[in-house]
Amino acid sequence: MDAGGFFPEAADSLYREKAWFLMDGMVLLGTDATGMSEKELKYGRGWLLSQLKRTRLPMVCANIWDKQTKKTLVPPYVIVKKGTVNVGVFGLTSDKVDLGPSRDSLTLEDPALAAARVVPEMRKKGATVIVLLSQLGKVESEDLVTGVDGIDVLIAGRNIPVLQKGRMIKNTVACYGGEKGQNMGRTIVTLDAGRRMQTGENDVYVLGPEVPEKPEILQLVKSFNDAFNDKMRKLEKERAAQAQLQTGGEGQGQKQSVDHFVGSEVCQRCHMPEFAQWQTTSHAKAWQTLVDVKKESTPDCVPCHVVGYKQAGGFQTADDATRLGSVQCENCHGMGTQHEAMPAQAQRITEATCRTCHTASSSPVFDFALFEPHILHKRPATLPTLPPNPAKEKMKAGSMH
Ligand code: HEC
Ligand code: HEC
Ligand code: HEC
Ligand code: HEC
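Note that this is a predicted model, so its numbers are computed, not measured.

Parameters and conventions
Residues numbered from 1 in each chain as written. Chains lettered and ligands numbered in written order. Predicted model: local features only at pLDDT ≥ 70, side-chain atom pairs only at ≥ 80, totals over all residues. Heavy atoms only, no water. Helix = DSSP H or I, 4+ residues; strand = E, 2+ residues; numbered from the N terminus. Contact = heavy atoms within 4.5 Å. Areas by Shrake-Rupley, 256 points an atom, 1.4 Å probe, with all protein chains shown as cover. Lys, Arg positive; Asp, Glu negative; His and termini not counted. Charge placed at Lys NZ, Arg CZ, Asp CG, Glu CD. Core = buried A, V, L, I, M, F, W, Y, C linked by side-chain atoms within 4.5 Å. Buried < 20%, exposed > 50% of the residue type's maximum accessible area, 1.4 Å probe, protein only. Domains from an automatic or database assignment. Near = heavy atom within 4 Å. Polar contact = N/O pair within 3.5 Å; in protein donor to acceptor, adjacent residues only side chain to side chain. Salt bridge = Lys/Arg side-chain N within 4 Å of Asp/Glu carboxyl O. Arc of directions from axis to C-beta. Buried area = accessible area lost by both parts, 1.4 Å probe. Nonpolar A, V, L, I, M, F, W, Y, C, P; charged D, E, K, R; others polar. Patch = residues over 30% accessible without salt bridge, like charges linked within 9 Å, V, L, I, M, F, W, Y side chains within 5 Å. Phe/Tyr/Trp six-rings, centres within 6.5 Å; stacked < 30°, edge-to-face > 60°.

Asks: Any chance you could explain the overall build of the chain here in plain terms?
Replies: Across its full length, the chain carries 14 helices and 10 strands. In terms of overall dimensions, the chain has a C-alpha envelope of 80 × 55 × 40 Å along the principal axes. For the chain, long-range pairs separated by at least 24 residues make up 61% of all intrachain contacts whose partners lie at least 6 apart in sequence. By element, 56% of the accessible surface of the chain is carried by carbon and sulfur atoms, the whole surface being about 21,800 Å². Across the chain, the mean location of the 49 positive side-chain charges is 5 Å away from that of the 46 negative side-chain charges.

Next comes the structure, spelled out in structure tokens:
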């Protein structure tokens, strides 16, 4: 099950493809039910409904109503038969949100009223265990299960922190699974003779590198992301051409602010030894790495593999790669123009400089003491061996999580 709210943040129409790909993926994983929020309405209700029909992903929400048909937009609940037990699963979303393109045709009901209506309805239809897929956030979810009787299991969504151990909220066992599909929760309930919940407990597991990839899924993700990258590249080219038309052919029409990135060509003029050494490091080929795995136009990947992504004078599109591709001088030393003004004041380079890119997801094995000698301009005679980085395979497939 999934608490819902899994559509991408970006409104760009290309991201719609990620949305349906995720839906296909959830069906493939055997998802019995998913909740929903206003995020799933971002590309319009018609689009969502057609994708639900195509994928047959069971999405539930009891408090989003269609004004015209006077029915809920998607089924309020499903009753899933597991062995000899009927599990009733319903969804709720916050009523304080903007429904975007569907705000005129849909309305939101008070979640507590919706819950008080559907919980007894599911019980009447034979469900003995009731699960809530909530998009109410932490506090409101907890208030709701305290106020409405009969909800056995809460799966909390919407900016939820991860808690390794779930908690009992009155008679409800609550699961806090965190964000972005990085974790998986397991809830175990024991039932009495009437198949009603007696006790419940929940644990959340981090889907870290120790949980191996399923090769066929990894392949699926990779081929999807390759195609996505191709389309993004074309889109960027079209946009650049359009911008050029609008500014009468004067480049991208971008004004340079006082401080901006300049690219390592400029630094090279006065710092040849450092430049020559830098060229031997893997930082100098970070752009080629993205090209090799066909992710050079994927916005999730570019920022740590180029200079000053989307900043003044920095990398904007793949056309800037020759000058601003790869991890260069200014990624560690700061904007070149700041240096021109005060050549004697160097920016101090510490572990924090590296950690902006060597994060827990990109570089889980990062250890400053081991990594730093590899990038020093006066390279030590012997270099420490670096541990293998299990995140590389994931990045190659185009996924950061
Ligand atoms: C026009 C020549 C020139 C250019 C271009 C230039 N520098 Fe410098 N840089 C200097 C001089 C001169 C110094 C101070 C003397 C020295 O330590 O070599 C210096 C010092 C530095 C220092 C050391 C500061 C210190 O106090 O230890 C760093 C780091 C540095 N530059 C980085 C860069 C980077 C990065 C670029 C490109 C964005 C760049 N420089 C471009 C001339 C230049
Ligand atoms: C702008 C982002 C960025 C910053 C800042 C950065 N790195 Fe990197 N680093 C990368 C990327 C991207 C790669 C992978 C390059 C490739 O192989 O394509 C990398 C690779 C490396 C490698 C090679 C690792 C291997 O497995 O071969 C070392 C060593 C390294 N970085 C050390 C450092 C240190 C030390 C710092 C801080 C002083 C630092 N980096 C700062 C992005 C960054
Ligand atoms: C948060 C910054 C960051 C982002 C975002 C990022 N990378 Fe990286 N990438 C790195 C760093 C840092 C390394 C080097 C890690 C190490 O060796 O410990 C790296 C290494 C790699 C490598 C391995 C290079 C080698 O040495 O073989 C590949 C491939 C790669 N990245 C591709 C991608 C792709 C594709 C994406 C998008 C899904 C991506 N990266 C997003 C920072 C990032
Ligand atoms: C991964 C981070 C990183 C990158 C990329 C990087 N430097 Fe440095 N740089 C350092 C560190 C750390 C020091 C201080 C320690 C040392 O001397 O190596 C330094 C020192 C310097 C100095 C001071 C003198 C010296 O050699 O110690 C200069 C000049 C310099 N860098 C220029 C450059 C230029 C030019 C580039 C790009 C071609 C560059 N750096 C790329 C990390 C980086």
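After presenting the structure, the write-up continues.
Asks: Looking at this model, I keep getting lost on the nonpolar core. Mind explaining?
Replies: The tendency in soluble globular proteins is for nonpolar side chains to be buried as a group. Residues Phe-7, Met-36, Leu-41 and Leu-48 are the most contacted members of the largest nonpolar core, which totals 25 residues. Put simply, the parts of the chain that give this core at least two residues each are α1 (15–28), α2 (45–55) and α5 (215–246). Take this core: its biggest share by element is five residues, from α1. Counting only domains with at least three residues in this core, you end up with domain 1 (15–206) and domain 2 (215–397).

Asks: So what exactly am I meant to see when it comes to the site of ligand 3 here?
Replies: Around ligand 3, the surrounding shell holds 21 residues, and the nearest of these are Cys-301, Cys-304, His-305, Ser-363 and Met-395. Between ligand 3 and Lys-392, the relevant distance is 3.3 Å, taken from an oxygen atom to a side-chain nitrogen or oxygen of the residue. Taken together, the elements giving at least two residues each to the shell around ligand 3 come down to α8 (286–292) and α14 (391–397). It is α14 that provides the largest number of residues to the shell around ligand 3, a total of three residues.

Asks: What exactly am I supposed to notice about the pattern of salt bridges here?
Replies: Pairing is possible between side chains that carry opposite charge, provided their charged atoms lie close to one another. All chains considered together, the criterion is met by 23 salt bridges. Lys-82 is the partner of Asp-32 in a salt bridge, and the nearest nitrogen-oxygen pair spans 3.0 Å. Of this pair, Asp-32 sits in the loop between α1 and α2 while Lys-82 sits in strand β2 (residues 77–82), and the two are 50 residues apart along the sequence. With relative accessibility at 46%, the residue Lys-82 sits in the partly exposed group. With a closest N to O distance of 3.4 Å, Glu-142 and Arg-167 form a salt bridge. You can see Glu-142 sitting in helix α4 (residues 137–147) and its partner Arg-167 sitting in strand β7 (residues 167–169), a full 25 residues away along the chain. The network of salt bridges with shared partners includes Asp-95, Lys-96 and Glu-140.

Asks: How should I be thinking about α2 in this particular structure?
Replies: Quick reminder: α-helices carry 3.6 residues per turn. Residues three or four places apart thus point the same way. Taken together, the buried positions of α2 are Trp-47, Leu-48, Gln-51, Leu-52 and Thr-55. Axial view of α2: buried residues confined to an arc of 135°, hence all on one face. On its buried face, α2 is in contact with α1. The positive-phi residue at the C-terminal boundary of α2 is Arg-56, with phi of around 60°.

Asks: Explanation requested: the domain arrangement of the chain in the structure shown.
Replies: Where interface size is given, it is often the accessible area lost as the parts come together that is meant. When cut into domains, the chain gives domain 1 (15–206) and domain 2 (215–397). For domain 1 versus domain 2, the distance between C-alpha centres works out to 40 Å. Facing the six residues of domain 1 at the interface are 10 residues of domain 2. For the pairing of domain 1 and domain 2, the buried interface totals around 780 Å² over both sides, and the portion due to carbon and sulfur atoms is 74%. Of all residues in domain 1, Tyr-15, Lys-18 and Phe-21 give up the largest surface area on contact with domain 2, accounting jointly for 64% of the area buried on that side. Applying the counting rule to domain 1 against domain 2 returns two salt bridges. Of the charged contacts, one joins Asp-300 and Lys-18 as a salt bridge, the two residues approaching to 3.9 Å between their closest N and O atoms.

Asks: Honestly, the site of ligand 4 in this entry has me stumped. Any pointers?
Replies: Around ligand 4, a shell composed of 15 residues is seen, among which Glu-274, Cys-329, Cys-332, His-333 and His-377 lie nearest. Taking His-333, its side chain carries an N or O atom lying 2.8 Å from a nitrogen atom of ligand 4. Looking at the shell around ligand 4, the elements with two or more residues in it are α7 (272–279) and α10 (329–333). Residues that form the shell around ligand 4 fall into these classes: eight nonpolar, five polar and two charged.

Asks: Looking at this structure, how should I read unusual backbone geometry?
Replies: Most peptide bonds are trans, and most residues other than glycine sit at a negative phi. Backbone geometry places Lys-170, a non-glycine residue, at a positive phi of 55°. Relative to the helices and strands, Lys-170 is located in the loop between β7 and β8 (172–176). Within the chain, Ser-326 stands out as a residue other than glycine whose phi angle is a positive 75°. Within the fold, Ser-326 resides in the loop between α9 (321–324) and α10. Overall, Ser-326 belongs to the buried group, its relative accessible area being 5%.

Asks: Looking at this model, I keep getting lost on a nonpolar patch on the surface. Mind explaining?
Replies: On the surface, Met-184, Leu-207 and Val-211 cluster together to form a nonpolar patch covering roughly 240 Å² of accessible area. Along the chain, Leu-207 falls in the loop between β10 (197–206) and α5.

Asks: What's the story with the packing of aromatic side chains in this structure? I'm lost.
Replies: The geometry of an aromatic ring pair is captured by the separation of the ring centres together with the interplanar angle, meaning the angle of the planes. In total, this model carries 12 aromatic pairs according to the counting rule given. With a centroid separation of 5.3 Å and 50° between ring planes, the pair formed by Trp-287 and Phe-315 is classed as tilted. Taken together, the residues Trp-287 in helix α8 and Phe-315 in the loop between α8 and α9 connect sequence positions 28 residues apart. For Phe-315, a relative accessible area of 2% corresponds to the buried category. Through successive ring pairs, a cluster of aromatic residues spans Tyr-15, Trp-20, Phe-21, Phe-224 and Phe-228.

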